[in-house]
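Spelled out, the chains give:
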Amino acid sequence: MIRRPPRSTLFPYTTLFRSARGNSIEHVPSVLGKCLPSLKLLDLEDNVVRTVAGEVGDFAKLKDIGLKGNPLEDRRLKKLVDNNHSASSKPILDYIRNNCARDADASSSIANKTEKKKIKRKKGTREVETENGGKTELDFIRVLPFDDTVPLVCVSDAVQGVRPYVVCCILRGLNLKDSSKFKKFISLQTKLHDNICKKRTVATIATHDLSKIGAKRLLYDARPPSEIKIMPLSKQNEMTAMELFSQMQKEAEFLRKEKKRNTYSGVHKFLYLLEGKELFPCLRDEADNVISFPPITNSETTKITSESVDVFVEVTSSVNLKWCKDVLDNLIHEVALGFNTDDSGESDGTEKKCRLLVQQVKTTDSQGQLKVLYPSQTDLQFSDLDTKRSQI
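In this report, the structure presented in the accompanying data block is examined. Keep in mind it's a predicted model, so treat the numbers as computed, not measured. (Residues numbered from 1 in each chain as written. Predicted model: local features only at pLDDT ≥ 70, side-chain atom pairs only at ≥ 80, totals over all residues. Heavy atoms only, no water.)

1. A look at the overall build of the protein
Move 1: Within the protein, the regular secondary structure consists of 7 helices and 22 strands.
Move 2: Burial status across the protein gives 46% buried among its 392 residues.
Move 3: Considering only intrachain contacts with a sequence separation of at least 6, the fraction spanning at least 24 residues in the protein is 68%.
Move 4: With the model as given, the accessible surface of the protein reaches about 19800 Å², and the carbon-plus-sulfur share is 50%. (Helix = DSSP H or I, 4+ residues; strand = E, 2+ residues; numbered from the N terminus. Buried < 20%, exposed > 50% of the residue type's maximum accessible area, 1.4 Å probe, protein only. Contact = heavy atoms within 4.5 Å. Areas by Shrake-Rupley, 256 points an atom, 1.4 Å probe, with all protein chains shown as cover.)

So this is what it looks like as C-alpha cells:
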C-alpha cells in the first residue's frame, strides 16, 4: 500500500509526491523520470493503466508506486500488485525493472522504421539512394525458394484458441564451430526474447538442427498436456508436458524461496503463459515426435550444436503473424550482420558478398490452404542489406 504524506505537508512534496488517482492513464512512460527526477511516491491507483515502462523500475529515488485498481496486461504484475499488502513497493519495482517492456525498445523500433523510409531502393539492384543523392552498394541476403527438401508446416484447427500463429524458415550454411559464435547465436535468441518478443508474451523463438528433423511434414498442434511427450532441452528422459510443467513450477517456487525473491527467474518466469489452459501447443513430426513445446522449451533430440550447419527456425505467437515475421526479420538481420560473414561466401562479381542463405518454409492450414510463405517479397526489407531471391 502506498504511503501518502500528510495533507498539511503536501505542498513541500511537489516534486517528491504525485497523485494521479482516478484518471484515464493507460501507460506509465519512462519520460516521467526525466520530468520528475526527485519523485519518491507515485499514486496511479484506479486508472486504466495497462502497461508500465521497464525504466520506471530504474527511477533512482522512487520508493513507492500505487497500481491497484488497474487492468494491467501483465498478469503476474497484476497479481503482485493485488497481493502486496506491505508498506514497501520494492518487489513491484523490481519486477517492473526486470520484466516489463522498455520504452527505449519501442523507440528503437520506430527509429529503424523511420530510417528505412529515408532510403529509396532501386528494385533489382544492390544500389540505394541516400538522402543526399549519393549511392552505395550493399552486401546481400540470398533467399532460396521452398522445395520438397524442406519440411512443410501444417497448422491444426485445435491450436487456434491456444497459440495460433507460427512462421518458419531455414538458415543455411551457418558456421557455428567457433565457440564464441555459437554462444553469440544462443545469446541473440535470449536478447530477442527479452526485447521484441516482450519476455515471450507476444512471441517465442525455437531453433532446431534441420538434419535431426528428417520429416517432410510437421504439424503445429494443440493437445491436452498429458498427451504431449517431449524430451526437454538438457534432459535425458522423455516426459509429458504436464509432468514438465508441474516439475518446473516446483523448481520455480523452490528457487524463489531460496533466493528470497517475489518473482521467478529464467525460463520459470514464463510458466504463467500456460496457466489454466486445457490444451498446450506443440510442434511434432509425422511419427508423433514432439520437437517443440512453446513457449517453454525445445526437444533435446533436435537441439542445435556448434556442428549445426542448417538451422530450422520457428516463431510462434498468440497475437498475430506480423509479430512472428518481425521477430524473424530481426533474427535474420542480426545473424547476417553479426557473425555469419564467412569470406568464402557467394559473391555476385563485385566486392559485395552474400551474408546469409535463407530458405523459405511454407505453412498451411488443416485443409492444405496456404497461410504464410516466409520470407516473402515483402519481408527482409533492410536499409543496410539487400535481398536477392533465387528463382525455382
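Still to come is the rest of the account.
2. Overview of the pairing of strand 16 (residues 280–285)
Move 1: Counted residue by residue, strand 16 has 6 buried out of 6 residues, so it is predominantly covered.
Move 2: Covered by surrounding structure in strand 16 are Phe280, Cys282 and Arg284 together with Pro281, Leu283 and Asp285, the residues of both alternating faces.
Move 3: Pairing of strand 13 (residues 217–223) with strand 16, which is carried by 6 bridges, proceeds in the antiparallel orientation. When the sheet's bridge partners are listed, Tyr220 is paired in strand 16 with Leu283. (Pairing = 2+ DSSP bridges.)

3. Details of the packing of aromatic side chains
Move 1: Using the criterion set out here, one finds 2 aromatic pairs in the structure.
Move 2: Summarising the aromatic geometry, the rings of Phe245 and Phe280 are spaced 5.6 Å apart at their centres and angled 65° between planes, so their arrangement reads as edge-to-face. Within this pair, whereas Phe245 is found in helix 6 (residues 241–258), its partner Phe280 is found in strand 16, the two being separated by 35 residues in sequence.
Move 3: Between Phe280 and Phe293, the aromatic rings sit 5.6 Å apart at their centres with planes inclined by 20°, giving stacked as the arrangement. (Phe/Tyr/Trp six-rings, centres within 6.5 Å; stacked < 30°, edge-to-face > 60°.)

4. Here we look at the pairing of strand 12 (residues 204–209)
Move 1: Strand 12 sits mainly inside the fold: 6 of its 6 residues count as buried.
Move 2: Residue alternation in strand 12 divides its side chains into two sets, Thr204, Ala206 and His208 and Ile205, Thr207 and Asp209, and both sets are buried.
Move 3: Of the strand pairs in this sheet, strand 12 and strand 19 (residues 311–317) are connected by 6 bridges, and their pairing is antiparallel. Residue pairing for strand 19: Thr204 is matched across the bridge by Thr316.

5. Focus on the packing of helix 5 (residues 179–194) against helix 7 (residues 321–338)
Move 1: Taken N-terminus to C-terminus, the directions of helix 5 and helix 7 make an angle of 145°; their axes are 11 Å apart at the nearest point. Read as a crossing pair, helix 5 and helix 7 show a hand that is right-handed. Facing Lys184, Phe185, Leu188, Lys191 and Leu192 of helix 5, the residues of helix 7 in contact are Asn330, Leu331, Glu334, Val335 and Gly338.
Move 2: Across the contact of helix 5 with helix 7, the residue classes tally to 5 nonpolar, 2 polar and 3 charged. (Axes fitted to C-alpha atoms, helices over the stretch in contact; angles between N-to-C directions. Left-handed = near helix turned anticlockwise from the far one by under 90°. Nonpolar A, V, L, I, M, F, W, Y, C, P; charged D, E, K, R; others polar.)

6. Here's the deal with helix 3 (residues 90–99)
Move 1: The set of residues buried in helix 3 consists of Pro91, Ile92, Leu93, Tyr95, Ile96 and Asn99.
Move 2: Contacts made by the buried residues of helix 3 are with strand 4 (51–52), strand 5 (64–66) and helix 2 (75–82).

7. What about the nonpolar core?
Move 1: In this structure, Leu171 and Ile332 are the most contacted members of the largest nonpolar core, which totals 33 residues.
Move 2: When contributions to this core are tallied by element, the ones reaching two or more residues are strand 9 (140–144), strand 11 (165–172), helix 5, strand 19, helix 7, strand 20 (354–364) and strand 21 (370–374).
Move 3: For this core, the leading source of residues is helix 7, giving 7 residues.
Move 4: In this structure, Ala20, Val28, Leu77 and Ile92 belong to the second largest nonpolar core, which totals 23 residues. (Core = buried A, V, L, I, M, F, W, Y, C linked by side-chain atoms within 4.5 Å.)

8. A few points about the environment of Lys79
Move 1: With respect to the secondary-structure elements, Lys79 resides in helix 2.
Move 2: Of the residues examined, Lys79 reaches a relative accessible area of 54% and is grouped as exposed.
Move 3: Considered as a pair, Lys79 and Lys68 are 11 residues apart in the sequence and their alpha carbons are 9.9 Å apart.

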